[in-house]
Amino acid sequence: MDDANGTEGHLPPDGSPGWRLSRRGFLAATIAAAVAACSSNDGDTTSGASIGPTSDATTLPPPPEPSAAATTSAPETTLASPVVSNPFTLGVASGDPLPDSVILWTRLSPDSALPDEDIDVTWEVARDNSFAELVASGTAPAIAALGHSVHVDVQGLEPDSEYTYRFRVGGFESEPARTRTFAPAGVVPERFRFAFSSCQNWEQGYYAAYRDLVEQDGLEAFVFLGDYIYEYETGGYADPRGRSTGQKFECKTVDQYRQRYALYKTDPLLQQAHASVPWVITWDDHEVENDYAGASSENDDDVDAFRTRRAAAYQVWYEHMPVRLDPPTGPDYQIYRSLAHGDLLRFHVLDTRQYRSDQQRSAPFLPALGDAVQVRDNAVALSPEQTMLGETQRGWLIDGMAASDAIWDVLAQQVFMFGGNALQGTDPPVIVVDTWDGYAGERQVLLEAIGPVADNLVVLTGDFHSAAVADLRSDPFDASLPVVGTELMASSISSSFFDDDQTVEDLVAGALQTNPQIKYFDARRGYTLCDVTPTSWRSTFRAVADQFDEASPVETVSTWEITAGTPGAVAV
Ligand code: CA
Ligand code: FE
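Residues numbered from 1 in each chain as written. Chains lettered and ligands numbered in written order. Predicted model: local features only at pLDDT ≥ 70, side-chain atom pairs only at ≥ 80, totals over all residues. Heavy atoms only, no water.

Notes on the side chain of S536
Along the chain, S536 turns up in strand 23 (residues 536–544). Every residue in contact with S536, bar those within four places of it in the chain, is listed here: W408, D531, E561, I562 and A564. (Helix = DSSP H or I, 4+ residues; strand = E, 2+ residues; numbered from the N terminus. Contact = heavy atoms within 4.5 Å.)

Written as structure tokens, this is what we have:
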């Protein structure tokens, strides 16, 4: 993004995230003795993991003895294993907690080659860091066809409880990691503490935000709203102060996307963030390609070719994410889903890319901004055909909102909904076409449907590489309408905003003067902490002082509170 003065003379698409630039069996015979002894239900794949691949698992009664075998790798180094160097170089992760279950993830990626066959991996879940109080264990396959990734659906856990987990294979053991379950329906937890952010471009900065995240006390979940990787060839929108992927290709194939995720996953701060808390993850555009919409690529590639690319991208995303999903089998892959922490809060996790209509294609408002900002084409934006969610997902969301018993109904989604007119009071407005402003008709239908039925609607947003707090109205530019919800936009982990582009900075500064629905805006890197109770929601915006310094200080720059029953946040 720092190449805003770059050769193309446009705003780099990623500086203004989502902004359009120009159109365009070898089974390891190595099961730990202690675990093998406990896995008495071999062949019964129904009692344990149930996601995708089969997996043997057992929920254990209280452990027989603090198990020495569980703390030493000695017994499993004996027989030949295809894993001859540390396979846990990409770390471990957990995600999508339920009251009795959580997904555990790893992907075997040793320096030495793996055979093109599945490899059994042992997993353990315990109450304590030393694994003395083992509560569940089993084996699960690292599936060769899925990059030797492992997804375990651990069941039989206690609700609203903390656990430690680890993996073992071939005498190698992962670092222990922390996870936890959510509370069950019918229970209203007194408090819930989570954080959210998005956008971690490797070539635009470091992950100091994650260092700060793992230092937070009592964090119960982290919500990641997309742009986990960036698909660009190295140097594409890179910042010279950042680091290089060294990968001279734009990701298009399974192998290329795997190389990109594998590189990102080596970051120690990212690994710590995964190992410290369960994640709830959705994707945005860069997991496939900048600004794609449905089957429309940024540069109008052949639709079949783009769908093939999308299938590769979706598969490799699955391979690297601790998600409660079956693996995809092609370019169509439903990832929207919902998860609740008791009756306190429900996350409705959205996919605003796969089912989208293409962005409007009018002339740039300012040449310097490329296609990112345009005068709204009302014939497109207000058309019932112009969709961000697709009809099926929209119906699912509206029904799910109506059925939800949660005090706080939360959309975990990508692009800003609060609206922004770059000029004062013009009609049609001047908009960022990739956001909900380009899909204003659907936004109105959606907010009119869910605003009244959600007890308290909170929209979480990423993508824009900047933080904001805003009021939500079904038409953001009609202040006579009621506020139906509150939008909280977290900044990015490392992806740049406008940095040195004075034209853009001036435009943003002007827009903030004339869009009163936007109550707060900050363009620094960071993330947002949320402390939620049945009566209040407090959001703390943490900002990174220097995105190019891994050791950068991270500090609170603003705090906002929502009172249950009253949409709209108030500065604390
Ligand atoms: Ca994006
Ligand atoms: Fe981004």
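Resuming the write-up.
Let's talk about the layout of surface pockets
Over the atoms a probe the size of a water molecule is rolled, and this reveals where empty space is left. Quantified by volume, the largest pocket comes out at close to 250 Å³. Across the lining of the largest pocket, the residue classes tally to 5 nonpolar, 7 polar and 4 charged. Volume-wise, the second largest pocket comes out at about 200 Å³. Sort the elements by how many residues they give to the lining of the second largest pocket and helix 4 (residues 268–276) lands first, with 4 residues. (1 Å grid on protein atoms, 1.4 Å probe; cavity = no way out; pocket = protein on both sides within 12 Å on 5 of 7 lines; lining within 4 Å. Points joined across faces, edges and corners; volume = space filled by probe spheres on them. Nonpolar A, V, L, I, M, F, W, Y, C, P; charged D, E, K, R; others polar.)

Re the confidence of the model for the chain
Mean pLDDT over the chain: 88, with 86% of residues reaching 70 or higher. Looking at the elements of the chain, mean pLDDT is at its lowest for helix 1 (residues 33–38), recorded as 31, and at its highest for strand 11 (residues 221–224), recorded as 99. Residue range residues 1–77 is modelled with pLDDT below 50. Its contacts to residues more than four positions away, or to other chains, number 219 contacts. (pLDDT = per-residue confidence, 0-100.)

What to know about helix 9 (residues 502–514)
For helix 9, with 13 residues, the first-to-last C-alpha span of 19 Å sits near the 18 Å given by 1.5 Å per residue. Inspection of helix 9 places V504, L507, V508 and A511 among the buried residues, and these make up the whole buried set. Angular distribution of buried residues about the axis of helix 9 spans 95°; they occupy a single face of the element. Measuring from the backbone nitrogen of T503 back to the side-chain oxygen at the start of helix 9 gives 3.0 Å, which picks out D501 as the cap. (Expected span 1.5 Å × (residues − 1). Buried < 20%, exposed > 50% of the residue type's maximum accessible area, 1.4 Å probe, protein only. Arc of directions from axis to C-beta. Polar contact = N/O pair within 3.5 Å; in protein donor to acceptor, adjacent residues only side chain to side chain.)

Thoughts on the packing of aromatic side chains
Per the counting criterion, the structure on display carries 33 aromatic pairs. Relative to F194, the ring of F192 has its centre 5.5 Å away and its plane inclined at 25°; by these criteria the two rings are stacked. In this structure, F192 and F194 share a single accessibility class: buried. Here the aromatic residues W202, Y207, Y210, F222, F224, Y228, Y261, Y264 and W279 are joined through ring pairs into a cluster of three or more. Above the face of the F131 ring, R166 is positioned so that its terminal group lies 3.7 Å from the ring centre. Looking at K265, its charged tip hangs above the ring of W105, at a distance of 4.1 Å from the centre. (Phe/Tyr/Trp six-rings, centres within 6.5 Å; stacked < 30°, edge-to-face > 60°. Lys NZ or Arg CZ within 6 Å of the ring centre and 35° of its normal.)

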